[in-house]
Amino acid sequence: MKEQLNGIIDQLQPEAETMSDAIFDHPETAHQEHFASKLLTDFLTRQGFQVTLALGSQPTAFKGEYVVGDGSGVKIGLLCEYDALEKIGHACGHQMQGPSICSAAAALQKILPASSNARIIVYGTPAEEGGGGKLILLQEGYLRELDFALMMHGSPMTCVDIKSMALGSFKVEFFGKAAHAALKPEEGRSALDALLLAFNGLEFLREHIADDARIHYTISELPGPANVVPAHALGSFNVRSYNTDYLQKQLIPRFKEVIRGAAIMTGTEYKITEGRSLAAKVPVLSLNEIVMANARAVQAPNLQPPRQKTGSSDFGNVMYELPGSCIRMAFVPEGTSSHSQTFVDYGKSEAAHKAINYAAKVVAGTAWDLVTEPAKLAAVKAEFAATKARMAQGAD
């Protein structure tokens, strides 16, 4: 049956390439992806999917669903991104995701037997580049119905990921009292001193946190002339860990105590504004192996071992709630950095077009395995639950 799946994907390939090139030629940044969203949903509609546009508060998010049989079986989740970066355009390869995922969905729709009673669900997830589209979808009640979630992403090599970093982002303001720095310094309360003390306090905190935790900070606003005690100071902070529970329950509370201490030492007031909060992936190695087995079966290019650790992504929030995996498909030279001009240069290349095709076959083949072999899906779900429980205890 996988030969039939792959054959359908090959038949859809010319249309997939055309869609990818069109999205590449019309780069749209976070929450502005109207062209890409319409292009992909029009394709799904033609393939018989029921499409819902403008999910929740996100006008460029969408859901396409096809019910096989009575729909009481496995809920297949296929996710795609389509936003570009400001100024440089599609320097992360997102133009390939929608066409590849939609091709996989269309192939499954034509091949899955009615007895599977599956639901094929395609989620269009906007604003990955800084907008946290998947996080918003989760908060508004979407995605959680899926039994598993699969994605593809362009890459210098074909592989899967193991871990990603949970992220807490914060804006911190200190409020002091202005005074003439030479004539009346005793009347001043320096907000800048508080911010600098917070920086120093975090440096001392580093000695006493987990090895894989990270803290970054910067001054976001210049405090003013040297002869005036600054009454206001603004800093930006990111706090990260490969363990969501450690980040939320231990590291962030200690970060906030450092901020409070800096205010106490300087006689200032403070305000912490929380920004995006991204979860760490709960890795499911058995699912990763199913994905890579399918990659080997289609002879995908430049097969490599899993990436053990990556940065932060809103797909981490999805993989914190349910089993998931992303196949990274090679299409640029090995060693190429994403968000680079090389990604742009290869965006409409033959290698990019082949990556769309390979990834569609890998995603469709993985979904087929999980639907038609219930024991595999049961094992994936059991591993997910066990790993998440260990992470909550700080064991992973």
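### As for the pattern of salt bridges
Side-chain pairs of opposite charge can arise where the charged atoms are in close proximity.
Okay, step 1: Under the counting rule described, the total for this entry stands at 22 salt bridges.
Okay, step 2: The salt bridge involving Lys 348 is made with Asp 25; its shortest N-O contact spans 3.0 Å. Within this pair, whereas Lys 348 is found in the loop between helix H9 (341-345) and helix H10 (350-372), its partner Asp 25 is found in helix H1 (residues 2-25), the two being separated by 323 residues in sequence.
Okay, step 3: In this structure, Glu 81 and Lys 134 form a salt bridge, with 2.6 Å as the shortest nitrogen-oxygen distance. Residue Glu 81 is found in the loop between strand S3 (75-80) and helix H3 (97-111), and its partner Lys 134 is found in helix H4 (residues 133-139); the two are separated by 53 residues along the sequence.
Okay, step 4: On the accessibility criterion, Glu 81 (2% relative accessible area) is buried.
Okay, step 5: Three or more residues joined by partner-sharing salt bridges are found here, namely Lys 63, Glu 65, Arg 119 and Glu 145.

### Some points on the pairing of strand S9 (residues 232-241)
Okay, step 1: Across the ten residues of S9, seven count as buried, placing the element largely inside the fold.
Okay, step 2: Judged from the six bridges that link them, strand S8 (residues 214-219) and S9 form a sheet pairing that is antiparallel. Residue pairing for S9: Ile 215 is matched across the bridge by Val 239.

### Brief notes about the nonpolar core
Okay, step 1: Counting residues in each nonpolar core, the largest one holds 68 residues, and the members touching the most others are Ile 76, Leu 78, Leu 108, Leu 112, Ile 120 and Ile 327.
Okay, step 2: The residues touching Ile 120, leaving out its near neighbours within four places in the chain, are Phe 49, Gly 64, Glu 65, Tyr 66, Val 68, Ile 76, Leu 78, Ala 105, Leu 108, Gln 109 and Leu 112.
Okay, step 3: With 27 residues, the next largest nonpolar core counts Ala 194, Phe 237, Tyr 246 and Ala 280 among its residues.

### Details of helix H6 (residues 244-266)
Okay, step 1: When the terminal C-alpha atoms of H6 are compared, their 32 Å separation across 23 residues agrees well with the 33 Å that a helix rising 1.5 Å per residue should span.
Okay, step 2: Along H6, the residues classified as buried are Thr 244, Asp 245, Tyr 246, Leu 247, Leu 251, Ile 252, Phe 255, Val 258, Ile 259, Ala 262, Ala 263 and Thr 266.
Okay, step 3: Residue Asn 243 occupies the N-cap position of H6, its side-chain oxygen lying 2.9 Å from the main-chain nitrogen of Asp 245.
Okay, step 4: With its phi angle positive at about 65°, Gly 267 sits one or two positions after the end of H6.

### Observations regarding unusual backbone geometry
Leaving glycine out, the prevailing phi sign among residues is negative, and the prevailing peptide bond configuration is trans.
Okay, step 1: For Ala 127, which is not glycine, the phi torsion reads 55° and is therefore positive.
Okay, step 2: Within the fold, Ala 127 resides in the loop between strand S4 (119-124) and H4.

### Thoughts on the sheet that holds S9
Okay, step 1: Ordered by their spatial adjacency, four strands build an open sheet running S8-S9-S7-S10, and the pairing between neighbours is antiparallel. The sheet is open, and its two edges are formed by S8 and strand S10 (269-278), each paired on a single side. For this sheet, the mean inter-axis angle between neighbouring strands, taken without regard to orientation, is 20°.
Okay, step 2: Sheet contacts for helix H5 (residues 191-206): strand S7 (166-175), S8 and S9; angle to S8, the most-contacted strand, approximately 160°.
Okay, step 3: Running at roughly 10° to S7, H6 makes contact with S7, S9 and S10 of the sheet.

### Focus: the pairing of strand S5 (residues 148-155)
Okay, step 1: Within S5, eight of the eight residues are buried, which leaves the element mostly enclosed by the surrounding structure.
Okay, step 2: Of the two faces of S5, the one lined by Phe 148, Leu 150, Met 152 and Gly 154 and the one lined by Ala 149, Met 151, His 153 and Ser 155 are each fully buried.
Okay, step 3: In this structure, S3 lies alongside S5, joined through three bridges in parallel fashion. In the strand pairing of S5, Leu 78 is matched with Leu 150.

### Comments concerning the packing of H3 against H10
Okay, step 1: In the contact formed by H3 and H10, the axes pass within 8 Å of each other and the chain directions differ by 45°. Considering the angle they form, H3 stands oblique to H10. Of the two elements, H3 crosses H10, and the hand of that crossing is right-handed. In this structure, H3 uses Pro 99, Ser 100, Ile 101, Ser 103, Ala 104, Leu 108 and Ile 111 to contact H10, whose residues at the interface are Ile 356, Ala 359, Ala 360, Val 363, Ala 364, Ala 367 and Trp 368.

### Things to note about the packing of helix H7 (residues 285-297) against H10
Okay, step 1: Look at H7 against H10: their axes get within 8 Å of each other, and the N-to-C directions meet at 125°. Comparing the axis directions of H7 and H10 gives the class oblique. Note that H7 runs across H10; the crossing there is right-handed. Contacts between H7 and H10 involve Leu 287, Ile 290, Val 291, Asn 294 and Ala 295 on the former and, on the latter, Val 362, Gly 365, Thr 366, Asp 369 and Leu 370.

### Observations regarding the environment of Leu 39
Okay, step 1: By the element assignment, Leu 39 lies in helix H2 (residues 34-46).
Okay, step 2: Using a relative accessible area of 23% as the deciding quantity, one classes Leu 39 as partly exposed.
Okay, step 3: Here the alpha-carbon distance between Leu 39 and Pro 99, two residues 60 residues apart in the chain, equals 9.4 Å.
Okay, step 4: Leave out the neighbours within four places in its chain, and Leu 39 touches Met 19, Ala 22 and Ile 23.

### Let's talk about the packing of aromatic side chains
Okay, step 1: A full pass over the atoms with the stated rule returns nine aromatic pairs.
Okay, step 2: Ring plane angle 50° and centroid distance 5.7 Å describe the contact between Phe 49 and Tyr 66, whose orientation is recorded as tilted. Taken together, the positions of Phe 49 in the loop between H2 and strand S1 (50-55) and Tyr 66 in strand S2 (residues 58-67) put the pair 17 residues apart, joining distant regions of the chain.
Okay, step 3: For Tyr 66, a relative accessible area of 24% translates into the label partly exposed.
Okay, step 4: Between the aromatic rings of Tyr 123 and Tyr 142, the centroid separation amounts to 6.5 Å while the plane-to-plane angle is 70°, which identifies the pairing as edge-to-face. One end of the pair, Tyr 123, is in strand S4; the other, Tyr 142, is in the loop between H4 and S5, with 19 residues separating them in the sequence.
Okay, step 5: For Tyr 123, a relative accessible area of 0% gives the class buried.

Rules used throughout
- Residues numbered from 1 in each chain as written.
- Predicted model: local features only at pLDDT ≥ 70, side-chain atom pairs only at ≥ 80, totals over all residues.
- Heavy atoms only, no water.
- Salt bridge = Lys/Arg side-chain N within 4 Å of Asp/Glu carboxyl O.
- Helix = DSSP H or I, 4+ residues; strand = E, 2+ residues; numbered from the N terminus.
- Buried < 20%, exposed > 50% of the residue type's maximum accessible area, 1.4 Å probe, protein only.
- Pairing = 2+ DSSP bridges.
- Core = buried A, V, L, I, M, F, W, Y, C linked by side-chain atoms within 4.5 Å.
- Contact = heavy atoms within 4.5 Å.
- Expected span 1.5 Å × (residues − 1).
- Polar contact = N/O pair within 3.5 Å; in protein donor to acceptor, adjacent residues only side chain to side chain.
- Axes fitted to C-alpha atoms, helices over the stretch in contact; angles between N-to-C directions.
- Parallel < 35°, antiparallel > 145°, perpendicular 65-115°, else oblique.
- Left-handed = near helix turned anticlockwise from the far one by under 90°.
- Phe/Tyr/Trp six-rings, centres within 6.5 Å; stacked < 30°, edge-to-face > 60°.

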